[in-house]
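# Per-entry structural report
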Amino acid sequence: MTGSPIWHPFTQHGLNEPVPLVTHAEGAALHTADGRRIVDGISSWWVTTHGHCHPRIMAAIAEQTTKLDQIIFAGWTHEPAETLARGLTAMMPPALTRVFFSDSGSTSVEVALKMALGFWANRGEHRGRILVMEHSYHGDTIGAMSVGARGVFNQAYAPLLFDVGTLPFPAAGAEQATLDALEAACREAPAALIVEPLILGAGGMLIYVARVLSEMRAICARHGVLFIADEVMTGWGRTGTLLACEQADVVPDILCLSKGLTGGAVPLAVTMASGAIYAAHLSDDRAKMFFHSSSYTANPIACAAANANLAIWREEPVAARIADLAARQAARLESIAKLPNVRNARALGTITALDLVDERGAGYLSQLGPQLLAHFREQDLLLRPLGNTVYVMPPYCIDDADLDRLYDGIASAIERT
Ligand SMILES: *Cc1c(COP(=O)(O)O)cnc(C)c1O
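Structural notes, computed from the coordinates. Since this is a predicted model, take the numbers as computed values, not measurements.

### Remarks on helix α12 (residues 400-416)
An α-helix turns once every 3.6 residues. As a result, residues three or four positions apart point the same way. The first and last C-alpha atoms of α12 sit 24 Å apart over 17 residues, in line with the 24 Å expected at 1.5 Å per residue. Listed in full, the buried residues belonging to α12 are Asp 402, Leu 403, Leu 406, Tyr 407, Gly 409, Ile 410, Ala 411, Ala 413 and Ile 414. Near the N-terminus of α12, the side chain that reaches the backbone nitrogen of Ala 401, with its oxygen 3.3 Å away, is that of Asp 399.

Structural data, given as structure tokens:
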């Protein structure tokens, strides 16, 4: 711990908070070098779907390492990527006919934004403005930060961020204001709208109704504004269905997937696009090609892990497991929702969340956050509140005993606040 040269993400090293050393994991459990067993209540930051070190995914990775490690993907291809692209087009909405690979959720968003602007530029219409929803999060690279909420996280980088049009969050009872703002913004011919479907993750697990999602999609379609769904967190069953968009009967023009794409085992992302987006880049003119790549685009080992994830989805009762987890969590949430200081207990699919009343003020830097974090650490729980919002988003394989530990830990934290 001390003396490590590592500079950790989203960590203030000046506070000298402990940084546990994790040695191995299985299912919903993490094991530390000092012999503790930690319950992973946030799926290792929303990535682990079926569980840590899932045997089918680990075996697929091991097998691929004996065949092909890495190959340039511009002008070359390989079987794991071909299989994955076919698998994704078969599983995702049929209108999304093209699969572009990258390596993180942020990059999949950068790719989506570039595809949207490339679409308009190649058609000779110079539309450049992006519409976004208040409180959104789309990643930490410059473009992804630009389309996300502004705050303490990106204040220092503001000079690099581009201007966007922001729609108010469609809070219960205020949905029409969002739709009216979108309708008005669409008259100014923006390039695209990017949204997190049904739930805003980093913004505080803020849930909005499916009807707003389908109406936003319809307004964009009516005005010819491209609709980008960032399902980096919501994809792969998180919200109860394979994609959150399904619950609103929405098919986006561009879809971003990462996190659970490999079951959360190794980094990989895809940006899926409609035939029209692809067609706008298709030409005998090299200047119209899609100008994007990164070194590890469609890394074969990552693609093999993703193929194992798709096989699990095709062959195992994943949807039933998710429904069961949702029901088991709902019962536990109900009991802590009644505790004093708890507001807005809410659930969507495998995610539950609640807000704690904090007289000292809400927000990401609320003092409550570090106190809760310390409490959860003492209880051997991996939970990471977003300011005064406590949420649970476990791997789908978590058992009742570990769920009890999470919810009991939250209850005792609430009692101490
Ligand atoms: C996590 C997240 C991202 C960024 O993904 P990274 O892999 O961390 O770059 C983008 N969008 C949403 C909705 C996310 O939750």
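### Points about the site of the ligand
Every residue near the ligand is listed here: Trp 46, Ser 104, Gly 105, Ser 106, Tyr 137, His 138, Gly 139, Glu 196, Asp 230, Val 232, Met 233 and Lys 259. Here an oxygen atom of the ligand sits 2.6 Å away from a polar atom, N or O, in the side chain of Ser 106. Note that a nitrogen atom of the ligand is positioned 2.7 Å from one of the side-chain N or O atoms of Asp 230. Coverage of the ligand by the protein chains reaches 83% of its 380 Å² of free accessible surface. Across the shell around the ligand, the residue classes break down as 4 nonpolar, 5 polar and 3 charged.

### With respect to the pairing of strand β14 (residues 351-356)
Of all 6 residues that make up β14, 6 are buried, and the element is covered over most of its length. Here strand β13 (residues 342-348) runs beside β14; their pairing, made up of 5 bridges, is antiparallel. Note that in β14 the partner of Ala 347 across the bridge is Thr 352. Linking β13 to β14, which pair antiparallel, is a turn of 2 residues; within it Gly 349 sits at a positive phi near 60°. Relative to strand β16 (residues 389-392), β14 runs antiparallel, the two sharing 4 bridges.

### Side note on the sheet that holds strand β15 (residues 381-382)
Pairing within the open sheet is mixed, and its 4 strands lie in the order β1-β2-β3-β15. Each of the sheet's edge strands pairs with one partner strand only, and the pair in question is β1 (22-26) and β15. Of the pairings in the sheet, the one linking β1 to strand β2 (residues 29-32) comprises 4 bridges and is antiparallel in character. Across the sheet, residue Ala 25 finds its bridge partner in β2, namely Leu 30. Each of β3 (37-40) and β15 is contacted by α12, which is oriented at about 85° to β3, the strand it contacts most.

### Considering the packing of helix α2 (residues 55-64) against helix α9 (residues 300-315)
One way to put it is that α2 packs onto α9 with a least axis distance of 8 Å and a crossing angle of 145°. The handedness of the crossing between α2 and α9 is right-handed. Note on element contacts: α9 touches α2 through Pro 300, Ile 301, Ala 304, Ala 305, Ala 308, Asn 309, Ala 311, Ile 312 and Glu 315, opposite Arg 56, Ile 57, Ala 60, Ile 61 and Gln 64. Looking at the contact of α2 with α9 residue by residue, the class counts come to 10 nonpolar, 2 polar and 2 charged.

### Re helix α4 (residues 105-122)
The end-to-end C-alpha distance of α4, which contains 18 residues, comes to 25 Å, matching closely the 26 Å that a straight helix rising 1.5 Å per residue would cover. In terms of residue burial, α4 counts as a mostly covered element, since 15 of its 18 residues are buried. A positive backbone phi angle near 80° is found at Gly 124, which sits one or two residues after α4.

### Brief notes about the sheet that holds strand β11 (residues 254-257)
The strand order across the open sheet formed by 7 strands is β4-β12-β11-β10-β7-β5-β6, and the pairing between neighbours is mixed. Each edge of the open sheet is held by one strand with a lone partner, namely β4 (96-102) and β6 (165-167). If you compare each strand with its neighbour and ignore which way they point, the axes differ by 20° on average. Strand direction decides the pairing type here: strand β5 (residues 130-133) and β6, joined by 3 bridges, are parallel. Across the sheet, the residue bridging to Val 132 is Thr 166, located in β6. The strands that α4 touches are β4, β5, β7 (192-195), β10 (226-230), β11 and β12 (269-274); relative to β12, the one it contacts most, it runs at about 25°.

### Here we look at the environment of Ala 279
Among the structural elements, Ala 279 can be located in helix α8 (residues 275-281). Given a relative accessible area of 43%, Ala 279 falls into the partly exposed group. In this structure, the C-alpha to C-alpha distance between Ala 279 and Asn 122, residues 157 residues apart in sequence, is 9.7 Å.

### Details of the nonpolar core
Formed by 90 residues in total, the largest nonpolar core has its most connected members in Met 205, Leu 213 and Met 216. Ranked by residue count, the leading element in this core is α9, at 9 residues. Ignoring any residue separated from it by four or fewer positions in sequence, one finds Leu 213 in contact with Val 195, Pro 197, Leu 198, Tyr 208, Phe 227, Cys 245, Ala 248 and Val 250.

Parameters and conventions
Residues numbered from 1 in each chain as written. Predicted model: local features only at pLDDT ≥ 70, side-chain atom pairs only at ≥ 80, totals over all residues. Heavy atoms only, no water. Helix = DSSP H or I, 4+ residues; strand = E, 2+ residues; numbered from the N terminus. Expected span 1.5 Å × (residues − 1). Buried < 20%, exposed > 50% of the residue type's maximum accessible area, 1.4 Å probe, protein only. Polar contact = N/O pair within 3.5 Å; in protein donor to acceptor, adjacent residues only side chain to side chain. Near = heavy atom within 4 Å. Areas by Shrake-Rupley, 256 points an atom, 1.4 Å probe, with all protein chains shown as cover. Nonpolar A, V, L, I, M, F, W, Y, C, P; charged D, E, K, R; others polar. Pairing = 2+ DSSP bridges. Contact = heavy atoms within 4.5 Å. Axes fitted to C-alpha atoms, helices over the stretch in contact; angles between N-to-C directions. Left-handed = near helix turned anticlockwise from the far one by under 90°. Core = buried A, V, L, I, M, F, W, Y, C linked by side-chain atoms within 4.5 Å.

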